[in-house]
Amino acid sequence: MEKRKALLLGDYSYPEFHPLQGVDEEISHILQDWMTVQCSENRKMLLKENLASFDLCISYCDSRKEVLSPQQTAGLLSYVSGGGGLLVLHNGITLQGRYEIAQLMGARFLRHPAAEQLSFKVTEPDHPIMEGIEPFEIQEEPYRFDFDPFTEKTLLMEYEYEGQWWPAAWSLSYGLGRVVYLMPGHNQPSFQHEGYRKLLLQAAKWAGRFPG
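Residues numbered from 1 in each chain as written. Predicted model: local features only at pLDDT ≥ 70, side-chain atom pairs only at ≥ 80, totals over all residues. Heavy atoms only, no water.

Under an unreviewed UniProt entry, the protein has the name Glycosyl hydrolase and belongs to Paenibacillus polymyxa.

1. Observations regarding the side chain of H18
For clarity, the cut-off: A helix here means a DSSP run of H or I that spans at least four residues, while a strand means a run of E at least two residues long, and both kinds are numbered starting from the N terminus. For the purposes of these results, a polar contact is taken to be a pair of N or O atoms within 3.5 Å, where, inside protein, one atom must be able to donate a hydrogen and its partner to accept one; residues adjacent in sequence count only when each atom of the pair is a side-chain atom.
Mapping H18 onto the fold places it in the loop between strand 1 (4–9) and helix 1 (23–31). A polar contact of 3.3 Å, which involves the side chain of H18, links it to the side chain of H90.

2. Concerning unusual backbone geometry
The phi dihedral of H90 falls on the positive side, at around 50 degrees, and the residue is not glycine. Structurally, H90 can be placed in the loop between strand 4 (85–89) and helix 4 (99–105). Within the chain, E162 stands out as a residue other than glycine whose phi angle is a positive 50 degrees.

3. Looking at the pattern of salt bridges
Side-chain pairs of opposite charge can arise whenever the charged atoms involved come near each other. The following threshold applies: Just to be clear on terms, a salt bridge is a Lys or Arg side-chain nitrogen sitting within 4 Å of an Asp or Glu carboxyl oxygen. For every residue, the accessible area obtained with a 1.4 Å probe (protein chains only) is divided by the maximum for its type, and the residue is called buried under 20%, exposed over 50%, and partly exposed between those limits.
This structure, assessed with the given rule, holds six salt bridges. The residue E100 makes a salt bridge to R98 at a minimum N-O spacing of 3.5 Å. Using a relative accessible area of 18% as the deciding quantity, one classes E100 as buried. Salt bridges here are not isolated pairs; linked through shared partners, they connect D11, R43 and E66.

4. Looking at the packing of aromatic side chains
Between two aromatic rings, the relevant description is the distance of the centres plus the angle of the planes. Rule in force here: Only rings of Phe, Tyr and Trp enter the pairing, Trp through its six-membered ring, and a pair is recorded when the two centres are within 6.5 Å. The plane angle decides the type: under 30 degrees is stacked, over 60 is edge-to-face, the rest tilted. The criterion is that NZ of a Lys, or CZ of an Arg, lies within 6 Å of the ring centre and within 35 degrees of the ring normal, and then a charge sits over that ring.
Enumeration over the complete set of coordinates arrives at eleven aromatic pairs. Aromatic side chains F109 and Y143 sit 4.4 Å apart centroid to centroid with 40 degrees between the ring planes, which places their arrangement in the tilted category. One end of the pair, F109, is in strand 5 (residues 107–111); the other, Y143, is in the loop between strand 7 (136–140) and strand 8 (144–147), with 34 residues separating them in the sequence. Ring geometry for F147 and W170: centres 4.9 Å apart, planes at 70 degrees, overall edge-to-face. Of the two residues, F147 sits in strand 8 while W170 sits in strand 10 (residues 164–174), which places them 23 residues apart along the sequence. The structure contains a cluster of three or more aromatic residues connected by ring pairs, namely F109, Y143, F145, F147, W170 and Y181. Geometry around F54 places K5 over its ring, the cationic atom sitting 4.9 Å from the centre. Lying over the aromatic face of W165, K121 brings its terminal NZ or CZ to 4.2 Å of the ring centre.

5. So, the pairing of strand 9 (residues 154–161)
As a reminder, the rule being used: The pairing criterion is simple: DSSP has to find at least two bridges between the two strands.
Where strand 6 (residues 116–122) meets strand 9, four bridges bridge the pair, whose relative direction is antiparallel. Residue pairing across strands places K121 opposite E158, the latter belonging to strand 9. Relative to strand 10, strand 9 runs antiparallel, the two sharing seven bridges. Along strand 10, the bridge assignment pairs L155 with W170. Connecting strand 9 to the antiparallel partner strand 10 that follows it, the hairpin turn spans two residues, and E162 within it adopts a positive phi of roughly 50 degrees.

6. Observations concerning the sheet that holds strand 6
This is how the line gets drawn: Between N-to-C directions, angles span 0 to 180 degrees; the directions come from axes that are lines fitted to C-alpha atoms, helices contributing only their stretch in contact. The contact rule is simple, with two residues in contact once any of their heavy atoms fall within 4.5 Å.
Read from one edge of the open sheet, nine strands run 2-1-3-4-11-10-9-6-7, paired in mixed fashion. With partners counted over all chains shown, the strands left at the sheet margins are strand 2 (35–40) and strand 7, one partner each. Each neighbouring strand pair of the sheet contributes to a mean axis angle of 25 degrees, computed without reference to strand direction. In the packing of helix 3 (residues 70–81) onto the sheet, the strands contacted are strand 3 (56–59), strand 4, strand 10 and strand 11 (177–182), and the crossing angle to strand 11 comes to about 110 degrees. Against the sheet, helix 5 (residues 194–207) engages strand 2, strand 3, strand 4, strand 7, strand 9, strand 10 and strand 11, with an angle of about 165 degrees to strand 11.

Shown next as structure tokens:
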């Protein structure tokens, strides 16, 4: 079986808090049986002609002050609406600077309390992404979100913080494409957690419409 291609976009040179170094190796290893992963910090990869050759786009971007150009925004929207897959991991939601991208992802990141050991539970066990996923605990930043009311989302997981449950993962359709957001991913150890590795792989396969 010929491997599919994924683009992993993040920040090597000037990350705000979450460098792609190390994380790129973990993600490439998690997906290695299914796809080759090309890693880049060049946002021009989001242009329509550059995204066309990929089966999946993974955002681990870490620059809240950055706003994509109209051309980059149109490229990503066109890619997903035309049938491409988008997997957004943890800080990757910071591409939200333009409202079009925030709507594509289904929410905006607001803030987070300090990282601590968090418990995660499945809220949609029948979804293909969640097949065989058990509750797990992991050291993470408890992200809070402002959800777009117009986007129909499927909530996949929640995390517990101070006795309350908060959204931790969701999926949605956008045109002909699919989008998944996973909150965990603060640093390299997050991607070494077996439960999260399985979740990430199944999210990537669902978003990219990979068989099997």
